[in-house]
Amino acid sequence: MTAVLTNQQDQSYRRRLAALSLAMLLPSLGTSIANVALPSLAVAFAAPFQQVQWVVISYLLAVTTLIVGVGRMGDLIGRRRLLLVGIGIFAVASASCAIAPTLWVLMVARSVQGLGAAIMMALTIALVSDMVPKARSGAAIGLLGTVSAVGTALGPSLGGVLIAWFNWQAVFVVMAGAGALAFWVGQRVFPAEPPVALNPHSPSKSLISLS
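Quick notes on the rules
Residues numbered from 1 in each chain as written. Predicted model: local features only at pLDDT ≥ 70, side-chain atom pairs only at ≥ 80, totals over all residues. Heavy atoms only, no water. Phe/Tyr/Trp six-rings, centres within 6.5 Å; stacked < 30°, edge-to-face > 60°. Helix = DSSP H or I, 4+ residues; strand = E, 2+ residues; numbered from the N terminus. Buried < 20%, exposed > 50% of the residue type's maximum accessible area, 1.4 Å probe, protein only. Expected span 1.5 Å × (residues − 1). Core = buried A, V, L, I, M, F, W, Y, C linked by side-chain atoms within 4.5 Å. Contact = heavy atoms within 4.5 Å. Polar contact = N/O pair within 3.5 Å; in protein donor to acceptor, adjacent residues only side chain to side chain. pLDDT = per-residue confidence, 0-100. Axes fitted to C-alpha atoms, helices over the stretch in contact; angles between N-to-C directions. Parallel < 35°, antiparallel > 145°, perpendicular 65-115°, else oblique. Left-handed = near helix turned anticlockwise from the far one by under 90°.

(A) Representation of the packing of aromatic side chains. Summed over all chains, the structure comprises 2 aromatic pairs. Ring centres of F45 and W168 lie 5.6 Å apart, and the angle between their planes is 55 degrees; this geometry places the pair in the tilted category. Of this pair, F45 sits in the loop between α2 (38-44) and α3 (49-52) while W168 sits in helix α9 (residues 168-189), and the two are 123 residues apart along the sequence. The exposure class of W168 is buried, given its relative accessible area of 8%. For the pair W168 and F172, a centre-to-centre distance of 6.1 Å together with 80 degrees between the ring planes defines the contact as edge-to-face. Here W168 pairs with F172, and both are found in helix α9, just 4 residues apart, close to one helical turn. Taken together through their ring pairs, the aromatic side chains of F45, W168 and F172 make up a single cluster.

Quick look at the structure:
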């Protein structure tokens, strides 16, 4: 009986780690995948390259300015809940980028996408302590760091292929689809939070046991 429970716990751990890895991959992918689309965007919107660069800058500004605040917000309202909200924001903003009629709308949508990315980056790491056994938390954080680096490195190549085969909109369509998948998986894999998780000052705050 103990062996069965251990096997179930291991499977649960792997599913949750895979879901967290997907949530970590997308923000880093969003950082670099749009870079290769800038020449195409300059042509599509008949805009100078210096202006088109704000498609990348607006995303990075949103991530860097908001990531600390959203981490604190997760402690107040619930990490799982806020992470799913962040994934949803990222997916919807990515779809908005794909259908943006003007460059300015695209910049605004990228800023919103950056908000979602900031939430995902901060809460994915924070949730390791809630979803991963203590003995494996170090390995899990190391894996998430590797996934983040892979996403940043993969972005230009993937973006180049999508633009060559389709168009610049495909870059954001793929991120929207991946975001929707991450949201669906997260809803089913991430464990429900106990009531005490909503109170950051509660001394009884504890790890969620694997089921």
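(B) Helix α8 (residues 137-165), seen in detail. The end-to-end C-alpha distance of α8, which contains 29 residues, comes to 40 Å, matching closely the 42 Å that a straight helix rising 1.5 Å per residue would cover. Among all positions of α8, only A140, L144, V147, G151, G155, G159, L162 and I163 are buried.

(C) Broad picture of the nonpolar core. Formed by 60 residues in total, the largest nonpolar core has its most connected members in L20, L41, L83, L103, L106 and F172. Of all elements in the fold, only α1 (2-33), α2, α4 (54-77), α5 (79-98), α6 (103-126), α7 (128-131), α8 and α9 reach the threshold of two or more residues within this core. With 11 residues, the top contributor of residues to this core is α6. Ignoring anything within four residues of it in the chain, the contact list for F172 reads A34, S94, C97, A98, L106, R110 and Q113.

(D) Local environment of the environment of G179. By secondary structure assignment, the location of G179 is in helix α9. Given a relative accessible area of 0%, G179 falls into the buried group. As a C-alpha pair, G179 and A91 span 88 residues in sequence and 4.6 Å in three-dimensional space. Not counting the four nearest positions on each side in its chain, G179 is found in contact with L26, I87 and A91.

(E) Focus on the side chain of T124. Among the secondary structure elements, T124 is positioned in helix α6. A distance of 2.5 Å separates a polar side-chain atom of T124 from the backbone oxygen of M120. Sequence-distant contacts of T124, that is, excluding residues within four places in its chain, are made with L20, A23, M24, L83, I119 and L144.

(F) Up close: the confidence of the model for the protein chain. Averaged over every residue, the pLDDT of the protein chain is 82; the share at 70 or more is 85%. Looking across the protein chain, the model is least confident in α7, with a mean pLDDT of 72, and most confident in α5, with 93. Counting contacts from residues 1-5, a segment whose pLDDT is below 50, to residues more than four positions away or on other chains yields 0 contacts. Across residues 195-211, where pLDDT falls below 50, the model places 37 contacts with residues more than four positions away in sequence or in other chains.

(G) Layout of unusual backbone geometry. Positive phi outside glycine occurs at A46, with the angle close to 50 degrees. Note that A46 resides in the loop between α2 and α3. Owing to a relative accessible area of 71%, A46 belongs among the exposed residues under this scheme.

(H) Molecular detail of the packing of α8 against α9. Packing of α8 against α9 brings their axes to within 7 Å, and their N-to-C directions diverge by 125 degrees. Judged by the inter-axis angle, α8 sits oblique to α9. For α8 against α9, the interelement crossing comes out right-handed. Packed against α8, whose contacting residues are G159, L162 and I163, the element α9 presents W168, A170, V171 and V174 at the interface.

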